[in-house]
Amino acid sequence: MSYTQKVLDELKARYPEQPEFIQAATEILGTIQPALDAHPEYEEAALLERLVEPERIVMFRVPWVDDQGKVQVNRGYRVEFNSAIGPYKGGLRFNPTVTLGMLKFLGLEQILKNSLTTLPMGGGKGGSDFDPKGKSNNEIMHFCQSFMTELYRHIGPNTDVPAGDLGVGGREVAYMFGQYKRLRNEFTGVLTGKGLSYGGSLARTEATGYGLLYFTEEMMSCMKNDSVKGKTVVVSGSGNVAIYATEKAQALGAKVVALSDSNGYIYDPNGIKLDVVKQIKEVERGRIKEYVNRVEGATYTEGCKGIWTIKCDIALPCATQNEIDGESAEILLKNGVQVVAEGANMPSTPEAIDKFLAAGILFGPAKAANAGGVATSGLEMSQNSERLSWTFEEVDAKLKQIMINIFHNAYDRSKEYDVEGNLVVGANIAGFLKVADAMKWQGVAY
């Protein structure tokens, strides 16, 4: 039995109630055995056993008072997974689906994603089962302040630097930052995704979506001598990642014809009018179905899965984990999809990924393709440390170069390990080797 299989079997026996974590571990461990064969010292140091167990998990209750004066209680988490190459770095997710297993999956992925950026950031993730939807600003402020009243003890600019994620945007980050500042009596870069007036970075809002397209464009150029220009694109989701992936795709000459939210999807054969989407989602905080009331020729369909039946050249899943299953992958391939690049975290099931790779299409895995957000968070940390503020153009140029480098790092490793073009293997090995080397040199703590 291989070293990776032994560790994976132990994980499955220990955490049977954490399917997302096991899925992420299976995907990673199932690809890095060639690197371990080349480095037997990693097994001697039980490096994998240490990698898959978080260095620290913080769990706590979050009491808060709603607008009716009733006390509510949610659960809060912070998984500080690995700090071998830098302080823990990863988002906070506020969503009813949040569980410890989900955050461990996200945190494990974050270790390798952050490593791929080449910036000095370890991996972490956190959040709560609190649902911001339908809550007033006052209720969200009360929750965020209560959440930070516990979390502040465990984070800091050189220890753990959270950011936003699903359900945590600029508003939520602002409330948490304000509470941290009051409790610690200091102004530091402890959170990223902050507003521009108090230490945030230009281009952070756009970063994941823009980075996804920079990665996709480089992948198409290098591997197929092609480009995004003139292609028909389907994007799932309608949050920051989807909106700014759409914006950059359109700027590169593509036609985006579909977007979605958790209720359903819109199809606009003439190309999505992004100004309408931004008004609905960013200003009114409404549902995507409102689009069809404002744009002639557009249609709305209840349910999200059907979005992958729309014929396209490029599919960009930017909504949530496991949104493309084997069946949807088959439909995409049958309809002639040429490129799939993941904007969300683990949006394709293992069966779907296997089908994409077997078909020989270009496939950009999430930990590489959607690393633009955390890369720009790292750039925000740099600006905070230097007490500087870079222009949008400066940040965007650095982001583009980071995404190009991530592609080539993953692609070069795929060639080195005789699986040329398999960016799943390439990205996992590239991210893993940097972290593994740092862990090896830092020794085992007794």
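This text gives an overview of the structure that appears in the document. Numbering of residues starts from 1 in each chain and follows the order in which that chain's sequence is written. Confidence filtering applies because this is a predicted model: local features only for residues at pLDDT of at least 70, side-chain atom pairs given and counted only at 80 or more, and all residues used for totals across whole chains, interfaces and linings. Water and hydrogen atoms play no part in the side-chain values, which are based on all heavy atoms of the structure.

What to know about the overall build of the chain
Heads up, the condition is: Going along the chain from the N terminus, every DSSP run of H or I of four or more residues is numbered as a helix, and every run of E of two or more is numbered as a strand. Only the protein chains shown count as cover for residues, and all accessible areas are computed by the Shrake-Rupley method using a 1.4 Å probe.
The secondary structure content of the chain amounts to 17 helices and twelve strands. Its C-alpha atoms give the chain principal-axis dimensions of about 65 × 60 × 45 Å. Accessible area of the chain: about 17,600 Å², with a carbon and sulfur share of 49%.

So, the pairing of strand 2 (residues 71–82)
Where we set the bar: Strands pair, by our definition, only if DSSP identifies at least two bridges between them.
The sheet contact formed by strand 1 (residues 56–65) and strand 2 spans ten bridges and is antiparallel. Of the residues in strand 2, the one forming a bridge with Arg61 is Arg75. Linking two consecutive strands that pair antiparallel, namely strand 1 and strand 2, is a turn of five residues; a positive phi of about 80° is found at Gly69 within it. Judged from the six bridges that link them, strand 2 and strand 4 (residues 122–128) form a sheet pairing that is antiparallel. Across the sheet, residue Tyr77 finds its bridge partner in strand 4, namely Gly127.

Brief notes about the sheet that holds strand 4
Using the following cut-off: In this analysis an axis means a line fitted to C-alpha atoms, helices contributing only their contacting stretch, and an angle means the value between N-to-C directions, from 0 to 180 degrees. Contacts were defined at the residue level, with two residues in contact if any of their heavy atoms lie within 4.5 Å.
Strand order in the open sheet formed by five strands is 1-2-4-3-5, with mixed pairing between adjacent strands. Each of the sheet's edge strands pairs with one partner strand only, and the pair in question is strand 1 and strand 5 (160–164). The average angle at which neighbouring strand axes cross in this sheet is 20°, direction not considered. Across the face of the sheet, helix 7 (residues 137–151) comes into contact with strand 1, strand 2, strand 3 (88–94), strand 4 and strand 5 while running at roughly 145° to strand 1.

Digging into the packing of aromatic side chains
Keep this limit in mind: The rule is short: rings of Phe, Tyr and Trp, with Trp giving its six-membered ring, pair when the centres are within 6.5 Å, and they are stacked under 30 degrees, edge-to-face over 60, tilted in between. Relative accessibility under 20% of the residue-type maximum defines a buried residue, over 50% an exposed one, and the middle range a partly exposed one, all with a 1.4 Å probe and only protein chains included.
Under the criterion given, the structure shown has 18 aromatic pairs. On the basis of an interplanar angle of 90° and a centroid distance of 5.3 Å, the ring pair of Trp64 and Phe130 is categorised as edge-to-face. Pair noted here: Trp64 is in strand 1 and Phe130 is in the loop between strand 4 and helix 7, with a separation of 66 residues, a long-range link. Given the relative accessible area of 6%, Trp64 is considered buried. Phe130 gets classed as buried once you look at its relative accessible area, which sits at 1%.

Quick look at the side chain of Asn345
Counted only if it meets this: We define a polar contact as two N or O atoms separated by no more than 3.5 Å, with the added condition that, inside protein, one atom must be a possible hydrogen donor and the other a possible acceptor, whereas residues neighbouring each other in sequence contribute only through side-chain atom pairs.
Its place among the elements puts Asn345 in the loop between strand 11 (339–341) and helix 13 (350–359). When its relative accessible area of 11% is taken as the criterion, Asn345 is described as buried. Within the structure, the side chain of Asn345 is placed 2.9 Å from the side chain of Lys113, a separation counted as a polar contact. Among the polar contacts listed, one links the side chain of Asn345 to the side chain of Asn370, at a separation of 3.3 Å. Asn345 has contacts with Arg93, Phe105, Leu106, Lys113, Lys125, Asp165, Thr320, Gln321, Ala366 and Asn370, leaving out every residue within four places of it along the chain.

Looking at the pattern of salt bridges
The test is simple: Criterion for a salt bridge: a side-chain nitrogen of Lys or Arg within 4 Å of a carboxyl oxygen of Asp or Glu.
Per the counting criterion, the structure on display carries 25 salt bridges. The salt bridge partner of Arg153 is Glu150, with a shortest N-O separation of 3.2 Å. Between Asp261 and Arg287 there is a salt bridge, and its shortest N-O distance comes to 3.5 Å. Of this pair, Asp261 sits in the loop between strand 7 (255–260) and strand 8 (264–267) while Arg287 sits in the loop between helix 11 (274–283) and strand 9 (299–302), and the two are 26 residues apart along the sequence. Overall, Asp261 belongs to the buried group, its relative accessible area being 9%. Arg287 sits in the partly exposed class, given a relative accessible area of 26%. Shared partners join several salt bridges into a network, and the residues in it are Lys6, Glu10 and Glu49.

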